[in-house]
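Chain by chain, the residues:
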Amino acid sequence: MRDAEEFDALYAACSRRIVGHLYLVTGNLSEAEDAVAEAFARAWQRWKTVREADSPEAWVRRVATRIAVSSWRKTLNRMRAHQRAAVDQGVPPLNEDHVALLQALQRLSVNERVAVVLHHLNDLSVADVAAEMQRPVGTVKSYLARGRRAMAGMLAEERREEASHG
């Protein structure tokens, strides 16, 4: 029973946070939820190993990210086709800043996006991001620098466009 209680406690403590992380990485809430559900299912199957990890939450987040990225890569062309064919449903945006941030994140490479979300939105240290991404610290610093630079340019461009239209 101890295993189930520990697993349930992990799920209760971090599942929403991991869904939020994956939502920022993928830009799609249902994909994020699916990836997290699958990651927790895999965690349960390997619970004896996962519970001994330095951070079971990081293990689940890393697996969920891999699942989401794999799914995202497989469906990228289909998603682009749907976006081109999508008809405006007239649904107002939730928040202009939120939409701009998500659009900017989506334009980064997957590695840059994951690093930016982990570091800036999940408040992980660069060392923790490197451990979770299984990359050297210098590589993560490079992802972060490139990602921040690209996002700053995209968000500044968005502001200039808004100012010229407003």
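Up top is the structure these notes are about.
Residues numbered from 1 in each chain as written. Predicted model: local features only at pLDDT ≥ 70, side-chain atom pairs only at ≥ 80, totals over all residues. Heavy atoms only, no water.

(A) Molecular detail of helix α6 (residues 110-121). Between the first and last C-alpha of α6 there are 15 Å, a value that for 12 residues agrees with the 16 Å anticipated at 1.5 Å per step. Within the sequence span of α6, burial applies to V110, E112, R113, V114, A115, V116, V117 and L118. Positive phi shows up at D123, right after α6, with a value of about 60 degrees. (Helix = DSSP H or I, 4+ residues; strand = E, 2+ residues; numbered from the N terminus. Expected span 1.5 Å × (residues − 1). Buried < 20%, exposed > 50% of the residue type's maximum accessible area, 1.4 Å probe, protein only.)

(B) Summary view of the environment of F40. As for its placement among the helices and strands, F40 is situated in helix α2 (residues 29-45). Owing to a relative accessible area of 4%, F40 belongs among the buried residues under this scheme. The spacing of F40 and F7 is 33 residues in sequence and 9.0 Å in space, taken between C-alpha atoms. In this view, F40 contacts F7, L10, Y11, C14, S15, I18 and V60; residues no more than four positions away in its chain are not counted. (Contact = heavy atoms within 4.5 Å.)

(C) Region of interest: the pattern of salt bridges. This structure, assessed with the given rule, holds eight salt bridges. Across the salt bridge formed by E57 and R61, the nearest N and O atoms sit 3.3 Å from each other. Taken together, the positions of E57 and R61, both in helix α4 (residues 56-85) and four residues apart, correspond to about one turn of that helix. Judged by its relative accessible area of 5%, R61 is buried. A salt bridge links E112 to R146, with the nearest nitrogen and oxygen atoms 3.0 Å apart. With E112 in helix α6 and R146 in helix α8 (residues 137-165), this pair connects stretches of sequence that are 34 residues apart. Bridged by salt links that share partners, the residues R2, D3, E6 and R51 form one connected network. (Salt bridge = Lys/Arg side-chain N within 4 Å of Asp/Glu carboxyl O.)

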